[in-house]
Amino acid sequence: MQDFIAALPKAELHLHIEGSFEPELMFEIAQRNKIEIPYKTIEEVKKAYQFSCLQDFLDIYYAGAGVLIHENDFYDLAMAYYQKCYENNVIHTEIMFDPQTHTQRGIAFEIVINGLQKARLDAKEKWGINSLFIMSYLRHLSEESAFETLKQSLPYKDLITSVGLDSSEMGNPPAKFKNVFEASVKEGYIPVAHAGEEGPADYIREAIDILKVARIDHGNRCLEDENLVQEIVKRDLALTVCPLSNLELRNTDVMTNHPLKKLLDKGIKATVNSDDPAYFGGYMNANFEAVQEALNLSKEDIITLVKNSFNYSFATDEQKKTYLEKVDEVVNEFAK
Ligand code: ADE
Ligand code: ZN
């Protein structure tokens, strides 16, 4: 099963680039930018990465991102992630980035996007990886701040596919961002949002009804509302589920209780993703392996999950066709 997971070409639909910041690279960049970080060794870092909830994690995640200053830093960060994509056979990825995490510290939007864009081109050339960018608004900040970010993004509109909503969910419902999502859609961005990770099922409903999302990030808590489940199925909305994240942020107590299989059984188009792999202990293959083992998923389940990711990606129909053919090639190879 491990070989099968590794051999399958995969798409990743929920990945925060700032969450792929491995401690080794963080040390290196902190040193060259002459920034003090509160850890001396990798062991100290790993010890700090024990989270009791989303906010606990976010505090450490934002602090880590604070060492990113120059275009080169964002380039190195993204290239390190693309290298992991290559190693995990991720051939298509939709990368979230949080402009406000950087602009709030005085780093210009263009520094961030230019570094990411250079890495995207190099990763395509070096490894053939296709990628799209999702610009995520921080929901703990105001809608006005999100509007400012939208404005800053416009000169780079052609580089960005989608807008998302992340950060502290409780107390920051999707409805808070109704106007900026409307304006973002008018600019051509596809709307997605984190909902029902820690927050209630009602937040998922708001993301659907008010933000008009094309996909739901996490969405695990939809299972608490059967009508909502039916609505998600009816509207054919995919969920970008993140198993190791759910475990590390205590949204799932043990992996054997993870809701992924239940979601699939309800007819929901679930996908597997790594969220913040440097913080949660694993990239795509590790996420697949962890849920496969805990939930005893079959090969058919794995194929469904992998195909869902391609089908519900924002790739073109032509790309999707090519991707799915590549999946079938590997499936047929393993069936021999
Ligand atoms: N930002 C980075 N990772 C996140 C997560 N899992 N939930 C909300 N915001 C995030
Ligand atoms: Zn996320």
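Please read these numbers as outputs of a predicted model, since none were measured by experiment.

J.: Explain the environment of Gln 152 residue by residue, including any values.
T.: One can find Gln 152 in helix 8 (residues 143-153). Residues Gln 152 and Glu 110, 42 residues apart in the sequence, show an inter-C-alpha distance of 8.4 Å. Excluding its chain neighbours within four sequence positions, the residues that come into contact with Gln 152 are Thr 103 and Phe 109.

J.: Give me the site of ligand 1: which residues, what numbers.
T.: In the vicinity of ligand 1, the residues found are His 16, Leu 54, Phe 57, Leu 58, Tyr 61, Asp 166, Ser 167, His 194, Glu 197, His 218, Asp 275 and Asp 276. Interatomic distance of 3.4 Å between a side-chain N/O atom of His 16 and a nitrogen atom of ligand 1. Between ligand 1 and Glu 197, the relevant distance is 2.7 Å, taken from a nitrogen atom to a side-chain nitrogen or oxygen of the residue. Sorting elements by how many residues they give to the shell around ligand 1 places helix 4 (residues 54-65) first, with 4 residues. The residue makeup of the shell around ligand 1, split by class, is 4 nonpolar, 4 polar and 4 charged.

J.: Quick one: what's the story with the sheet that holds strand 4 (residues 162-166), residue by residue and with numbers?
T.: On the basis of which strands lie adjacent, the open sheet formed by 8 strands has the order 1-2-3-4-5-6-7-8 and parallel pairing. Each edge of the open sheet is held by one strand with a lone partner, namely strand 1 (10-16) and strand 8 (269-272). Looking at each pair of strands side by side, their axes are set apart by 25 degrees on average, direction ignored. The pairing of strand 2 (residues 90-97) with strand 3 (residues 130-138) spans 6 bridges and is parallel.

Parameters at a glance
Residues numbered from 1 in each chain as written. Chains lettered and ligands numbered in written order. Predicted model: local features only at pLDDT ≥ 70, side-chain atom pairs only at ≥ 80, totals over all residues. Heavy atoms only, no water. Helix = DSSP H or I, 4+ residues; strand = E, 2+ residues; numbered from the N terminus. Contact = heavy atoms within 4.5 Å. Near = heavy atom within 4 Å. Polar contact = N/O pair within 3.5 Å; in protein donor to acceptor, adjacent residues only side chain to side chain. Nonpolar A, V, L, I, M, F, W, Y, C, P; charged D, E, K, R; others polar. Pairing = 2+ DSSP bridges. Axes fitted to C-alpha atoms, helices over the stretch in contact; angles between N-to-C directions.

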